[in-house]
Amino acid sequence: QVQLVESGGGLVQPGGSLRLSCAASGFTFRSYTMSWYRQAPGKERELVARITGSGGSTNYADSVKGRFTISRDNTKNTMYLQMNSLKPEDTAVYYCNTVGIIGDVYWGQGTQVTVSS
C-alpha cells in the first residue's frame, strides 16, 4: 500500500534552514507528481510546492518563492523540501502528498516545523 513518511522537521530560529524529506513506497514513485502542503494552527491546509514525476517542472506558493526548493530523487523514492530564510509564519505541520490515477489522495503523517527565537 502507499506509504509516505516525512522527516526533518524541528525547531529553528528565524533566518535558519531545514530540509524535509518524504520517503515514498507502495507505488511507482517516478510516475507521480508529488507535493508538499502545510497547515498552521487554526488555518486551512495549503499547498507549498509541487514537482512532476520527472522533476522537470515545479511550482511554489507565492509565500515561499525564492526561499524554498522542492526536489526529488527517483532512485531513492524520496522527495525533499529545502527551506531557507525561514520565518515565524512558516511554522506549521508539513505534509507530503500524492494523488493516484483514480483521484485517490494520500498523505503522510506530517512533520512539525517551528520557527521561533
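Within any chain, residue numbers begin from 1 and follow the written order of that chain's sequence. Local features in this predicted model are restricted to residues of pLDDT 70 or higher, and side-chain atom pairs are both shown and tallied only at a pLDDT of 80 or more, whereas totals for entire chains, interfaces and linings draw on every residue. Side-chain calculation: all heavy atoms of the structure are included, whereas hydrogens and water are not.

### Thoughts on the pattern of salt bridges
Moving on, step 1. Basic side-chain nitrogens of Lys or Arg form a salt bridge, by our definition, when they fall within 4 Å of a carboxyl oxygen of Asp or Glu. Scanning the model with the defined rule gives four salt bridges in all.
Moving on, step 2. Taking the shortest distance from any N to any O, the salt bridge between Asp90 and Arg38 comes out at 2.9 Å. Taken as a pair, Asp90 in the loop between β8 (78–83) and β9 (92–99) and Arg38 in strand β4 (residues 34–39) lie far apart in primary sequence, 52 residues in all.
Moving on, step 3. Relative accessibility thresholds used throughout: buried, under 20% of the residue-type maximum; exposed, over 50%; partly exposed, between the two (1.4 Å probe, protein chains only). Classification of Asp90 by relative accessible area gives buried; the value is 0%.
Moving on, step 4. Through salt bridges with shared partners, a single network forms among Arg38, Glu46, Arg67 and Asp90. The numbering of helices and of strands both runs from the N terminus, where a helix is a DSSP run of H or I of at least 4 residues and a strand a run of E of at least 2.

### Side note on the sheet that holds strand β7 (residues 68–73)
Moving on, step 1. Note: two strands are recorded as paired if DSSP finds a minimum of 2 bridges between them. With respect to topology, four strands assemble into an open sheet ordered β1-β3-β8-β7, the strand pairing being antiparallel. The two strands at the open ends of the sheet, each matched to only one other strand, are β1 (3–7) and β7. Pairs of neighbouring strands in the sheet enclose a mean axial angle of 15°, with direction left out of account.
Moving on, step 2. Alignment of β1 against strand β3 (residues 18–25), held across five bridges, turns out to be antiparallel. The angle between two axes is taken between their N-to-C directions and runs from 0 to 180 degrees, where each axis is a line fitted to C-alpha atoms and a helix contributes only its stretch in contact.

### A short note on the pairing of β3
Moving on, step 1. Of the strand pairs in this sheet, β3 and β8 are connected by six bridges, and their pairing is antiparallel. Note on β8: the bridge partner recorded for Arg19 is Gln82.

### Quick look at the environment of Leu86
Moving on, step 1. With respect to the element layout, Leu86 can be found in the loop between β8 and β9.
Moving on, step 2. Note on Leu86: relative accessible area 2%, which makes it buried.
Moving on, step 3. Pairs of residues are marked as contacts when any of their non-hydrogen atoms sit within 4.5 Å. Here Leu86 is in contact with Val12, Pro14, Gly15, Gly16, Ser17, Leu18, Arg67, Phe68 and Val115, once residues within four sequence places are set aside.

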